[in-house]
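Close look at the chain arrangement
Single-letter residue listing:
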Number of protein chains: 2
Amino acid sequence: MSLTIALDMMGGDFGPRITVPAAIQVLENYPTLRFLFFGDHAEIQHYLPTSHRALSERITIHHCSRQIYSDTPIAQALRYSKGTSLRLSIEAVQKNYADACVSAGNTGALMGLSKILLQAIPGIQRPALTSLIPTMNGQHTVMLDLGANTEVSTDMLCQFAKMGSIFAENMLDLVYPRVALLNIGIEAIKGLPHIREAAAKLEQAIDLNYVGFIEGDQLLNHIADVIVADGFNGNIALKTLEGTAKNIIHLLKDNERSQPKWCAVWLQQLLRHFLKDKYQQLQSFNPDKHSGASLLGLQSVIVKSHGSSNSLAFAHAIEHAILQVKLNIPEKILTNLS
Amino acid sequence: MSLTIALDMMGGDFGPRITVPAAIQVLENYPTLRFLFFGDHAEIQHYLPTSHRALSERITIHHCSRQIYSDTPIAQALRYSKGTSLRLSIEAVQKNYADACVSAGNTGALMGLSKILLQAIPGIQRPALTSLIPTMNGQHTVMLDLGANTEVSTDMLCQFAKMGSIFAENMLDLVYPRVALLNIGIEAIKGLPHIREAAAKLEQAIDLNYVGFIEGDQLLNHIADVIVADGFNGNIALKTLEGTAKNIIHLLKDNERSQPKWCAVWLQQLLRHFLKDKYQQLQSFNPDKHSGASLLGLQSVIVKSHGSSNSLAFAHAIEHAILQVKLNIPEKILTNLS
């Protein structure tokens, strides 16, 4: 199967400096993959290695001089989006030139433009930003919505639960994934009315393995395969999780300052050696290493990579999009709902 | 100044086993302090050291055989609260027998009974659960509401901001503390309507140093002295923060399994020695070490200690209550509002 992915080359904090090497790396692993690059031609060319001519043949550069910056307010970004690398990438999917779109750019603009330009899956009122979060036992949990919808209805939460369940089933290869609702307690009377109503509805849903409420302190403990929240709380929870993990990792990495001068190099190396495994597991909680968030509920695959992505993270996001196209995630959601 | 504190001896996961030693420890540090103990007389007596007769003279035990368990649903807990150690402790404050009440028991019941039995400060619609959270630079940030009010109005958020600011000013000894609103972005158009409206109002408030929105990933970074949220989001954020920190600390402490057998004891000790400072800073993020949460907005001082508190944590919570009484926090809020 030959796939074509549209890439917004200008998005994120570093633009072509990281998007080009990421794309090249992914091309090497997928011999039939093709890319449509949207962005500044000269800048992209600057980072394209001349030695990779064979790979370059599978890349088509669509020059555009305009781009949406990460800090552009959403309303303004949407109003002046014509001809930007982000909008052109999404339009490539809209016009069926590409199977998926990946961007590390302005999240609000990516979600807004995707909703405007792409078709929603019938039965889904609003797409939800969905991500895989690592758990303490080395597995993953699907979490949604992470910020696409600040205000949601009971029905929307139930739709998120269904989409999340199908996503987990396919992406994590699970049978009957456990679905939980984010709440501030586990008793039935806890939380907000629409969350309690969603819980009552999900308990009745025979196609879902609803396991109850989950609290913020259990997110990493793999007690559910899918965690459903509105976009406001999902975003607060994910960012708090990422911020705490990042801060603590930083605290631990900051070795040099805390060790006395007489502490010889070999001792530092010894320390590093023994903490290696732990650092590696800790690193999995670092948002820069994530494979990006998917906008679930559209008939196309849209993946948002973290704004601060390095080339490894952006490559992961591209591979994440490829996997979703290969597994036909949007069609599976469509089939399940109808 | 002689102070009397009412203690719910039966609350929390361990009851008198930790509440009695905690109280004794605090009595040693405060020569004029008196305690009213509410709980099972025999059980309390069992943990009271016979050698501390001088201290025991400052303790009055009020026997009661009933208690509210942490997992009792709130509605039921409130309905059958008469004669429980928790309710009697709050009633002691209501009847002016005690200056403050401290409990590690059922949070919902503590908040519910406090609201029913104690007077609110005029101008405050609803009390808010308030805590000090540690920051990466070794300081603290005041955060509220952490779960007392799941649904709030614009005015309530503004009242929380004022109470939090006065609390920070006095408890952290700050001048013009920086106040921020928890949101999912820092642009003015981000988030929910009542949060945006609160932001607009707080910007106009000359008695407050409002600095804007704060996101979940910045909670530990001391960019604000007061973080204001509704009880639902505040609870999600705090629990996510605590759960992430606790999980990562656990991962790092789990030394024995990850080290090879030939690794001698001295090496382990060396490792522990070098990581000591880091562990200590990490431990400050452990919820078990916190000094408890205060229910701000009432004319009395009510402090909730973590359900899993050990005696050190419960002692911290008592000292936290003493400090609030000494600093006259409820009266300072009252004066500032009128």
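Residue indices begin from 1 for each chain and proceed along its sequence in written order. Here chains are named by letter from A upward and ligands by number from 1 upward, in the order in which they appear as written. Local features in this predicted model are restricted to residues whose pLDDT is 70 or higher, and side-chain atom pairs enter the listing and the counts only when it is 80 or higher, whereas totals over whole chains, interfaces and linings include all residues. Hydrogen atoms and water are omitted, and side-chain values are computed over all heavy atoms in the structure.

Next up on the list: the overall build of chain A. Counting from the N terminus, the helices are the DSSP runs of H or I reaching at least four residues and the strands are the DSSP runs of E reaching at least two. For chain A, the count of helices and strands is 13 helices and 11 strands. Within chain A, the fraction of its 338 residues that count as buried is 58%. Considering only residue pairs separated by 6 or more positions, chain A has 73% of its internal contacts joining residues 24 or more positions apart. The protein chains shown are the only cover counted for residues, whose accessible areas, like all others here, come from Shrake-Rupley with a 1.4 Å probe. When the accessible surface of chain A is split by element, carbon and sulfur atoms take 51% of a total near 14100 Å². We call a residue buried when its accessible area falls under 20% of the maximum for its residue type, exposed when it is over 50%, and partly exposed in between, using a 1.4 Å probe and counting protein chains only. What makes two residues a contact is simply this: any of their non-hydrogen atoms within 4.5 Å.

Next up on the list: the sheet that holds strand β11 (residues 301–304) of chain A. Hydrogen bonds between backbone atoms are what pair the strands of a sheet, whose relative direction is either parallel or antiparallel. All names here are of chain A. Strands sit in the order β3-β2-β1-β4-β11-β10-β5-β6-β9-β7-β8 across an open sheet of 11 strands; the sheet is mixed. Strand pairing shows two members of the sheet lacking a second neighbour, β3 (59–63) and β8 (209–214), which therefore form its edges. Strand-to-strand twist in this sheet, taken as the mean axis angle between neighbours without regard to direction, amounts to 25°. Contacting β1 (4–8), β2 (34–39) and β3, helix α1 (residues 16–29) runs over the sheet at an angle of about 175° to β2. When DSSP finds two or more bridges between a pair of strands, those strands are recorded as paired. Orientation is described by lines fitted to C-alpha atoms, with helices fitted over the stretch in contact, and by angles between N-to-C directions that extend from 0 to 180 degrees.

This part covers the sheet that holds strand β5 (residues 128–134) of chain B. All names here are of chain B. As summarised here, the arrangement of the 11 strands in space is β3-β2-β1-β4-β11-β10-β5-β6-β9-β7-β8, forming an open sheet in which the pairing is mixed. Either end of the sheet is taken by a strand with one partner, and the two such strands are β3 (59–63) and β8 (209–214). In this sheet, neighbouring strand axes are inclined to one another by 25° on average, regardless of whether the strands run parallel or antiparallel. Note: strand β7 (residues 178–182) against β8, 5 bridges, orientation parallel. Following the sheet pairing, leucine 182 is matched in β8 by isoleucine 214. Helix α6 (residues 107–117) contacts β4 (100–103), β5, β10 (293–296) and β11 (301–304) of the sheet and is inclined by roughly 170° relative to β11.

A pair of Phe, Tyr and Trp rings is counted when the ring centres sit within 6.5 Å of each other, with Trp represented by its six-membered ring. The angle between the planes then sorts it: under 30 degrees is stacked, over 60 is edge-to-face, the rest tilted. Under the counting rule described, the total for this entry stands at 2 aromatic pairs over all chains. Ring geometry for phenylalanine 35 of chain A versus phenylalanine 37 of chain A: centroids 6.0 Å apart, planes at 35°, classification tilted.

Turning our attention to unusual backbone geometry. A negative phi holds for most residues other than glycine; trans holds for most peptide bonds. Residue leucine 144 of chain A is joined to aspartate 145 of chain A through a cis peptide bond whose omega torsion reads -5°. Along the chain, aspartate 145 of chain A turns up in the loop between β6 (140–144) and α7 (154–171). In this structure, histidine 222 of chain B is a non-glycine residue whose phi angle is positive, near 55°. Along the chain, histidine 222 of chain B falls in the loop between β8 and β9 (226–228). Positive phi is not limited to glycine here, since asparagine 328 of chain B has a value of about 60°. Tracing the chain through its elements places asparagine 328 of chain B in the loop between α12 (311–326) and α13 (329–337).

So, about the pattern of salt bridges. Take a side-chain nitrogen of Lys or Arg and a carboxyl oxygen of Asp or Glu: if they are within 4 Å of each other, that pair is a salt bridge. Enumeration according to the criterion identifies 10 salt bridges over all chains in this entry. In this structure, aspartate 207 of chain A and lysine 162 of chain A form a salt bridge, with 3.8 Å as the shortest nitrogen-oxygen distance. Of this pair, aspartate 207 of chain A sits in the loop between α8 (193–204) and β8 while lysine 162 of chain A sits in helix α7, placing them 45 residues apart in sequence. Here glutamate 215 of chain B and lysine 239 of chain A are joined by a salt bridge, their closest N and O atoms 2.2 Å apart.

The next subject is the state of the cysteines. Here, two cysteine sulfur atoms that lie within 2.5 Å of each other are counted as a disulfide. Taken as a whole, this structure holds 0 disulfides over all chains when the rule is applied. Its sulfur unpaired, cysteine 64 of chain B is 12 Å from the next cysteine sulfur, which belongs to cysteine 101 of chain B.

Consecutive side chains of a regular strand alternate in pointing toward one face of the sheet and then the other. Residues and elements named next belong to chain A. Of the two faces of strand β10 (residues 293–296), the one holding Ala293 and Leu295 and the one holding Ser294 and Leu296 are both buried throughout. Examined bridge by bridge, strand β5 (residues 128–134) and β10 share 3 bridges and lie antiparallel to one another. Paired with alanine 128 across the bridge in β10 is leucine 296. By the bridge criterion, 2 bridges tie β10 to β11 in an arrangement that is antiparallel. Within the sheet, the bridge partner assigned to serine 294 lies in β11 and is valine 303. The hairpin turn running from β10 into β11, its antiparallel successor, is 4 residues long, and glycine 297 in that turn takes a positive phi close to 120°.

Residues and elements named next belong to chain A. Take serine 165: it is sitting in helix α7. Here serine 165 falls in the buried class, since its relative accessible area comes to 4%. Excluding residues that lie within four positions of it along the chain, serine 165 makes contacts with Pro177, Val179, Leu208 and Val226.

All names here are of chain B. Of the two faces of β11, the one holding Val301 and Val303 and the one holding Ile302 and Lys304 are both buried throughout. Of the strand pairs in this sheet, β4 and β11 are connected by 4 bridges, and their pairing is parallel. Within β11, the position partnered with cysteine 101 by the bridge is isoleucine 302.

Attention now moves to α7 of chain A. Residue and element names in this part refer to chain A. For α7, built from 18 residues, the straight-helix expectation of 26 Å at 1.5 Å per residue is met to within 8% by its first-to-last C-alpha distance of 25 Å. For α7, a buried count of 15 out of 18 residues is recorded, marking the element as mostly surrounded by other parts of the structure. With its phi angle positive at about 55°, aspartate 173 sits one or two positions after the end of α7. Any helix carries an expected span of 1.5 Å times its number of residues minus one.

Another aspect to go through is the packing of α1 of chain A against helix α12 (residues 311–326) of chain A. The description of two packed helices rests on the angle between their axes and on the distance between the axes. Residue and element names in this part refer to chain A. It is at 8 Å that the axes of α1 and α12 come closest, and there the two elements cross at 50°. When the axes of α1 and α12 are compared, the pair comes out oblique. In this structure, the crossing between α1 and α12 has a hand that is right-handed. Along its contact with α1, which presents Ile18, Thr19, Pro21, Ala22, Ala23, Gln25, Val26 and Asn29, the element α12 presents Ser311, Leu312, Phe314, Ala315, Ile318, Glu319 and Ile322. Throughout, the ten residues Ala, Val, Leu, Ile, Met, Phe, Trp, Tyr, Cys and Pro are labelled nonpolar, Asp, Glu, Lys and Arg are labelled charged, and all others, Gly among them, are labelled polar. When grouped by side-chain class, the residues that make up the contact of α1 with α12 number 10 nonpolar, 4 polar and 1 charged. Angle categories: roughly parallel below 35 degrees, roughly antiparallel above 145, roughly perpendicular from 65 to 115, and oblique for all the rest. For any helix crossing, the convention is left-handed if the near helix is rotated counterclockwise from the far helix by under a right angle, and right-handed if that rotation is clockwise.

Residues and elements named next belong to chain B. Burial analysis of α6 places 8 of its 11 residues in the buried class, the great majority of the element. For α6, every residue scored as buried is listed here: Gly108, Ala109, Leu110, Met111, Gly112, Leu113, Ser114 and Leu117. In this fold, the buried residues of α6 make contact with α4 (74–79), α5 (85–94), β4, β5, β10 and β11. Where α6 begins, the capping side chain belongs to asparagine 106, and its oxygen is found 3.2 Å from the backbone nitrogen of glycine 108. Here a polar contact means two N or O atoms within 3.5 Å. Within protein one must be a hydrogen donor candidate and the other an acceptor candidate, and residues neighboring in sequence count only if both atoms are side-chain atoms.

With that out of the way, let us pick up the side chain of asparagine 106 of chain B. Residue and element names in this part refer to chain B. Within the secondary structure, asparagine 106 sits in the loop between β4 and α6. What makes asparagine 106 buried here is its relative accessible area of 5%. For asparagine 106, the side chain forms a polar contact with the main-chain oxygen of threonine 72, separated by 2.9 Å. Discounting residues that sit within four places of it in the chain, asparagine 106 has contacts with Ile68, Tyr69, Ser70, Thr72, Ile74, Leu86 and Lys304.

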